[in-house]
Amino acid sequence: MAFILLIVEEPGDRKQAGIAEGRRRYDRMVEFGKGLGPRLKAVESLLTDAKAVRVSRRSGGSLAALDGPFAEAKEMVGGFFLLDVATREEALAIARDCPAVEWATVEVREVGPCWAE
């Protein structure tokens, strides 16, 4: 079963933590990922939303692009781990061990088609 762990951070947390703490966190996450072995299918850290762009289709059919940072955002996805595990419980156990739970929320989502519930 495929699950994704989304690392959901408060906007501004990285800046507040500073570079040294950011590097310490990053190194801990890299080590955590290495420990997952073959269960880990993909992992990436994402930059802040300062350079992000949101693309959407307006009600009239035209496309719109909104440059970040997004003032209305209450949280941002800071990275992800894509897992291949046997059960949801295994994915939850991995999430509980993730170092990011100390400074962020780790959201566990099963991967599947958008029409499935």
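It should be emphasised that the depicted structure is a prediction, and the values quoted were computed from it without experimental measurement. (Residues numbered from 1 in each chain as written. Predicted model: local features only at pLDDT ≥ 70, side-chain atom pairs only at ≥ 80, totals over all residues. Heavy atoms only, no water.)

1. Looking at the overall build of the protein
Thought 1: Along its length, the protein carries two helices and six strands.
Thought 2: Going from N to C terminus, the protein has its helices and strands arranged as β-α-β-β-β-β-α-β.
Thought 3: Considered along the principal axes of its C-alpha atoms, the protein spans approximately 45 × 40 × 20 Å.
Thought 4: Evaluated residue by residue, the protein yields a buried proportion of 27% over its 117 residues.
Thought 5: Counted over contacts in the protein with a minimum sequence separation of 6, partners at least 24 positions apart contribute 74%.
Thought 6: Looking at the protein as shown, the accessible area adds up to about 8200 Å², and 54% of this sits on carbon and sulfur atoms.
Thought 7: Of the charged side chains in the protein, 17 are positive and 19 negative, and the gap between their average positions amounts to 4 Å. (Helix = DSSP H or I, 4+ residues; strand = E, 2+ residues; numbered from the N terminus. Buried < 20%, exposed > 50% of the residue type's maximum accessible area, 1.4 Å probe, protein only. Contact = heavy atoms within 4.5 Å. Areas by Shrake-Rupley, 256 points an atom, 1.4 Å probe, with all protein chains shown as cover. Lys, Arg positive; Asp, Glu negative; His and termini not counted. Charge placed at Lys NZ, Arg CZ, Asp CG, Glu CD.)

2. Some points on the nonpolar core
Where a protein is soluble and globular, its nonpolar side chains tend to be buried together.
Thought 1: The biggest cluster of nonpolar side chains holds 17 residues, and the ones touching the most others in it are I7, F81 and C98.
Thought 2: Contributions of two or more residues to this core are made by β1 (2-9), α1 (13-35), β5 (76-84) and α2 (88-97).
Thought 3: Discounting chain neighbours no more than four positions away, the residues touching I7 are M29, M76, V77, G78, G79, F80, F81, C98, A100, A104, T105 and V106. (Core = buried A, V, L, I, M, F, W, Y, C linked by side-chain atoms within 4.5 Å.)

3. Let's talk about the pattern of salt bridges
Thought 1: Counted by the stated rule, this structure contains nine salt bridges.
Thought 2: Residues joined by salt bridges that share partners form a network here, namely D13, E21, R24 and R25. (Salt bridge = Lys/Arg side-chain N within 4 Å of Asp/Glu carboxyl O.)

4. Focus on α2
Thought 1: Residues A91, I94 and A95 constitute the buried set of α2. Along the axis of α2, the buried residues cluster in a sector spanning 100°; they form a single face. For α2, the exposed residues lying more than 90 degrees away from the buried face are E89, R96 and D97. (Arc of directions from axis to C-beta.)

5. Let's talk about the packing of aromatic side chains
Thought 1: The final tally for this structure, using the stated rule, is one aromatic pair.
Thought 2: Above the ring of F70, the side-chain terminus of R54 is found at 3.9 Å from the ring centroid. (Phe/Tyr/Trp six-rings, centres within 6.5 Å; stacked < 30°, edge-to-face > 60°. Lys NZ or Arg CZ within 6 Å of the ring centre and 35° of its normal.)

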